[in-house]
Amino acid sequence: MDIVLILTILIVVGALAFDFINGFHDTANSIATSVSTKALKPRHAIILAATMNFVGALAFTGVAKTITKDIVDPFKLENGSVVILAALLAAITWNLLTWYFGIPSSSSHALIGSIAGAAIAGAGFESLDYNGFLNILKALIISPILAFVVGFLVYGVFKVVFKNNNLSKTNKNFRTIQIATAALQSFSHGTNDAQKAMGIITMALIVNNYQTSADIQLWVQVSCAIAMGLGTSVGGWKIIKTVGGKIMKIRPVNGVAADLTGAAIIFGATYIHLPVSTTHVISSSILGVGASHRLKGVKWGTAQRMLITWVITLPISATLAAIFYFILNTFF
């Protein structure tokens, strides 16, 4: 069998594996709040998240095109297949490590850092598209800050509007509303996260001359949507526990505010074709809501550990990708 075809198949399989792992790694983003408030039973929440992730993944392709062409130019990338395969292996490795230890790290940071690290190892620093890469980094940095601020403000509005309402009755109503906001959050997750694997597969098809544009083929879109949905259905219980209970004690009204905030930020990023970390966005939304509700009620120790993981993910995944590249380059 042709070595180019073998590498392409390995990349497609690896990208779908990354999407599957991303699904169970990031399930917590969309359902942790609804599970922790008992708005949904865990099984029902996971079914809802898997379904809406699948639908969301089929809805857009703009983020996938950004991943395909804005970090490195796939039409000029030297030894592109090995670069992409090394990036996938590094991102998967980091995702599995952080999942095992229950740390809600960013799959997006891991993948983007890995692509950059592998490309630099294979073709030098000049291989990066600095304009596109910096735009992506800005989105990754600004989005959680924006989520914190918007979450703080949204919950502030909730406190004013519902201050005279009976607490028990309000929580019961918001528990019902939270089913809809969890679905919205899951849909938004699919519109952004599933597209990253689509972009990787499309990169591979370009560097191996199987297509000549950055357009996302239908079979790529459908297969990635299925992988994301199946991964979500497995669930990531360790991370769900961290996001759902170790940041703050979440009540239904908090959960609705956080879900609406997270979905709005993710949709905004998807609309302008920028990948963001759904993990960062929803966690920051919860932090913003928690700070607005009661500053002392937020478990800032957990937030600090999450922040450290967020900061180190890019350089660690880039380093891992470079190591994988040098290993793979001896075989291919």
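Just so you know, these numbers come straight off a predicted model, no measurement behind them.

In this section: the pattern of salt bridges. In total, this model carries three salt bridges according to the counting rule given. Here Lys-69 and Asp-70 are joined by a salt bridge, their closest N and O atoms 3.4 Å apart. Across the pair Asp-193 and Lys-196 runs a salt bridge, and its minimum N-O distance is 2.6 Å. Taken as a pair, Asp-193 and Lys-196 lie in helix α8 (residues 167-207) at a separation of three residues, close to a single helical turn. On the basis of relative accessible area, Asp-193 is assigned to the buried category, the value being 0%.

A few words on the packing of aromatic side chains. In the structure shown here, the tally under the stated rule is five aromatic pairs. Arranged with centres 5.9 Å apart and planes meeting at 90°, the rings of Phe-158 and Phe-162 form a pair that is edge-to-face. Assessed through its relative accessible area of 14%, Phe-158 is described here as buried. Given the relative accessible area of 30%, Phe-162 is considered partly exposed. Residues Phe-158 and Phe-174 carry aromatic rings whose centres are separated by 5.6 Å and whose planes lie at 40° to one another, so their mutual orientation is tilted. Remark: Phe-174 occurs in helix α8 and Phe-158 occurs in helix α7 (residues 130-161); sequence separation between them is 16 residues. Three or more aromatic residues joined by ring pairs make a cluster, and in this case those are Phe-158, Phe-162 and Phe-174.

At their nearest, the axes of helix α1 (residues 3-25) and helix α9 (residues 218-234) sit 6 Å apart, and the two run at 40° to each other. On the basis of the axis angle, α1 is oblique to α9. At the point where α1 passes α9, the crossing takes the right-handed sense. Taken together, the residues of α9 that come into contact with α1 (itself represented by Val-12, Leu-16, Asp-19, Phe-20, Asn-22, Gly-23 and Phe-24) are Trp-219, Ser-223, Cys-224, Ala-225, Ala-227, Met-228, Leu-230, Gly-231, Thr-232 and Val-234.

On to helix α11 (residues 252-271). Over its 20 residues, α11 runs 28 Å from end to end, which matches the ideal 28 Å to within 8%, given 1.5 Å per residue. Counting buried residues in α11 gives 15 out of 20 residues, a clear majority hidden from the surface. In the stretch just after α11, His-273 is the one whose phi turns positive, near 65°.

Turning next to the nonpolar core. Membership of the largest hydrophobic core comes to 53 residues, with the highest contact counts inside it found for Ile-71, Val-72, Ile-84, Leu-88, Ile-115, Met-198 and Ile-200. Of all the secondary structure elements, the ones that give two or more residues to this core are α1, α4 (62-69), α5 (80-100), α6 (107-123), α7, α8, α9 and α13 (300-329). A per-element tally of this core places α5 first, with 11 residues. Here Ile-84 is in contact with Ile-11, Ile-200, Met-203, Ala-204 and Val-207, once residues within four sequence places are set aside. Listed in part, the 11 residues of the second largest apolar core include Tyr-155, Val-253, Val-256 and Ala-257.

Moving on: helix α3 (residues 42-59). Over its 18 residues, α3 runs 26 Å from end to end, which matches the ideal 26 Å to within 8%, given 1.5 Å per residue. Of the residues making up α3, those classed as buried are Ala-45, Ile-46, Ala-49, Ala-50, Asn-53, Gly-56 and Ala-57. Along the long axis of α3, the arc covered by the buried residues comes to 140°, so they all point the same way. Set apart from the buried face of α3 by more than 90 degrees, the exposed residues are Arg-43 and Ile-47.

The subject of this paragraph is a nonpolar patch on the surface. There is a patch of nonpolar side chains on the surface, built from Phe-20, Leu-58, Leu-218, Val-222, Ile-226, Leu-230 and Val-234 and spanning about 560 Å² of accessible area. Position of Ile-226 among the secondary structure elements: in helix α9.

If you trace the backbone, Asn-79 turns up in the loop between α4 and α5. With 246 residues separating them along the chain, Asn-79 and Tyr-325 place their C-alpha atoms 10 Å apart.

Rules of the game
Residues numbered from 1 in each chain as written. Predicted model: local features only at pLDDT ≥ 70, side-chain atom pairs only at ≥ 80, totals over all residues. Heavy atoms only, no water. Salt bridge = Lys/Arg side-chain N within 4 Å of Asp/Glu carboxyl O. Helix = DSSP H or I, 4+ residues; strand = E, 2+ residues; numbered from the N terminus. Buried < 20%, exposed > 50% of the residue type's maximum accessible area, 1.4 Å probe, protein only. Phe/Tyr/Trp six-rings, centres within 6.5 Å; stacked < 30°, edge-to-face > 60°. Axes fitted to C-alpha atoms, helices over the stretch in contact; angles between N-to-C directions. Parallel < 35°, antiparallel > 145°, perpendicular 65-115°, else oblique. Left-handed = near helix turned anticlockwise from the far one by under 90°. Contact = heavy atoms within 4.5 Å. Expected span 1.5 Å × (residues − 1). Core = buried A, V, L, I, M, F, W, Y, C linked by side-chain atoms within 4.5 Å. Arc of directions from axis to C-beta. Patch = residues over 30% accessible without salt bridge, like charges linked within 9 Å, V, L, I, M, F, W, Y side chains within 5 Å. Areas by Shrake-Rupley, 256 points an atom, 1.4 Å probe, with all protein chains shown as cover.

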